[in-house]
Amino acid sequence: GQQLNQSPQSMFIQEGEDVSMNCTSSSIFNTWLWYKQDPGEGPVLLIALYKAGELTSNGRLTAQFGITRKDSFLNISASIPSDVGIYFCAGQLRVRRDDKIIFGKGTRLHILP
Amino acid sequence: NAGVTQTPKFQVLKTGQSMTLQCAQDMNHNSMYWYRQDPGMGLRLIYYSASEGTTDKGEVPNGYNVSRLNKREFSLRLESAAPSQTSVYFCASKKPSADTQYFGPGTRLTVL
């Protein structure tokens, strides 16, 4: 089945540093999604990408849809304490009635005091 | 407008017991999903329902059954719980052809 490889698994950074994480797949997706999960909550959508090569920003977050349609990147600039959480990439390939979204295993972001 | 609600929030079961996890959404979404989240495994799809009256297996359906009772409600049943089913279960919903899945707060299930 389709699998997403998300890296790194976890990151420990200082407040104010920039963060980069990525996702790769053996399959092509039509849509790439990035979610954030706060402790004890369900994931919340941060950014959606629809076209190969697309670069989209949401505040301090920037994400890109890879040219090959098999990868995506998320960058967070000038990290702050509330950025702590788990970040998931997700790929979606809509085929007729099939509307499943496949999630990566997540990147856990820690910010050191 | 409560979004996606799940009950219960926490549950402890003994091996072999059965239970049903409830999920409801008030956003008039057609599609609903059940995921489980385990440490280091991310979110894995158990079952989904593209519309009322239809259900399909996801990545890890074994040991589970689902019912799409109506457009609002999508329940997940464990007929004979096993320790391997200890996990956090999330329900989600979305409109067709939309990307944003709205997640519930989750149910933490422990099977002893």
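See the structure printed just above.
Residues numbered from 1 in each chain as written. Chains lettered and ligands numbered in written order. Predicted model: local features only at pLDDT ≥ 70, side-chain atom pairs only at ≥ 80, totals over all residues. Heavy atoms only, no water.

Here the focus is the overall build of chain B. Scanning chain B from N- to C-terminus turns up 0 helices and 11 strands. Seen in sequence order, chain B has helices and strands lined up from the N terminus as β-β-β-β-β-β-β-β-β-β-β. Its C-alpha atoms give chain B a radius of gyration of 13 Å, near enough to 13 Å, the size a compact globule of 112 residues would have. Reported as C-alpha extents along the three principal axes, the dimensions of chain B are approximately 40 × 25 × 25 Å. Buried residues in chain B amount to 49% of all 112 residues. For chain B, restricting intrachain contacts to residue pairs at least 6 apart in sequence, the fraction spanning at least 24 positions comes to 54%. (Helix = DSSP H or I, 4+ residues; strand = E, 2+ residues; numbered from the N terminus. Rg over C-alpha atoms; globule rule 2.2 N^0.38 Å. Buried < 20%, exposed > 50% of the residue type's maximum accessible area, 1.4 Å probe, protein only. Contact = heavy atoms within 4.5 Å.)

Residue and element names in this part refer to chain B. Within this structure, the stated rule accounts for 2 disulfides over all chains. Sulfur-sulfur distance for the disulfide between C23 and C91 comes to 1.9 Å. Here the disulfide of C23 and C91 is left-handed, its torsion about the S-S bond being about -70°. Of this pair, C23 sits in strand β3 (residues 19-25) while C91 sits in strand β9 (residues 87-94), placing them 68 residues apart in sequence. No difference in accessibility class separates C23 from C91, as the two residues are buried. (Disulfide = S-S within 2.5 Å.)

All names here are of chain B. Under the criterion given, the structure shown has 5 salt bridges over all chains. Ionic pairing is found between D38 and R44, a salt bridge with its closest N-O pair at 2.8 Å. R44 carries the same exposure label as D38, and that label is buried. In this structure, R77 engages E79 in a salt bridge whose closest nitrogen and oxygen atoms are separated by 3.1 Å. If you follow the salt bridges from partner to partner, you end up with R36, D38 and R44 in one network. (Salt bridge = Lys/Arg side-chain N within 4 Å of Asp/Glu carboxyl O.)

What follows is about the environment of A:H110. Residues and elements named next belong to chain A. With respect to the secondary-structure elements, H110 resides in strand β11 (residues 107-112). According to the relative accessible area criterion, H110 is partly exposed, its value standing at 26%. Along the chain, H110 and I47 lie 63 residues apart, while their C-alpha atoms are 21 Å from each other. Among all residues touching H110, those that are not within four sequence positions of it are S10, M11, F12 and I13.

Throughout the structure, instances matching the rule amount to 11 aromatic pairs over all chains. Judged by centre distance (5.8 Å) and plane angle (90°), the ring pair of A:Y35 and B:F103 falls under edge-to-face. Of the two residues, A:Y35 is situated in strand β4 (residues 31-37) and B:F103 in strand β10 (residues 102-103); the pairing between them involves two chains. For the pair A:Y35 and B:F103, a shared accessibility class is recorded, and that class is buried. With a centroid separation of 6.1 Å and an interplanar angle of 75°, the aromatic rings of A:F103 and B:F103 are classed as edge-to-face. Here B:F103 lies in strand β10 and A:F103 lies in strand β10 (residues 101-103), a pairing that spans two chains. Like B:F103, A:F103 is buried. The rings of A:Y35, A:F88, A:F103, B:Y33, B:Y35, B:Y48, B:F90 and B:F103 are connected pair by pair, giving a single aromatic cluster. (Phe/Tyr/Trp six-rings, centres within 6.5 Å; stacked < 30°, edge-to-face > 60°.)

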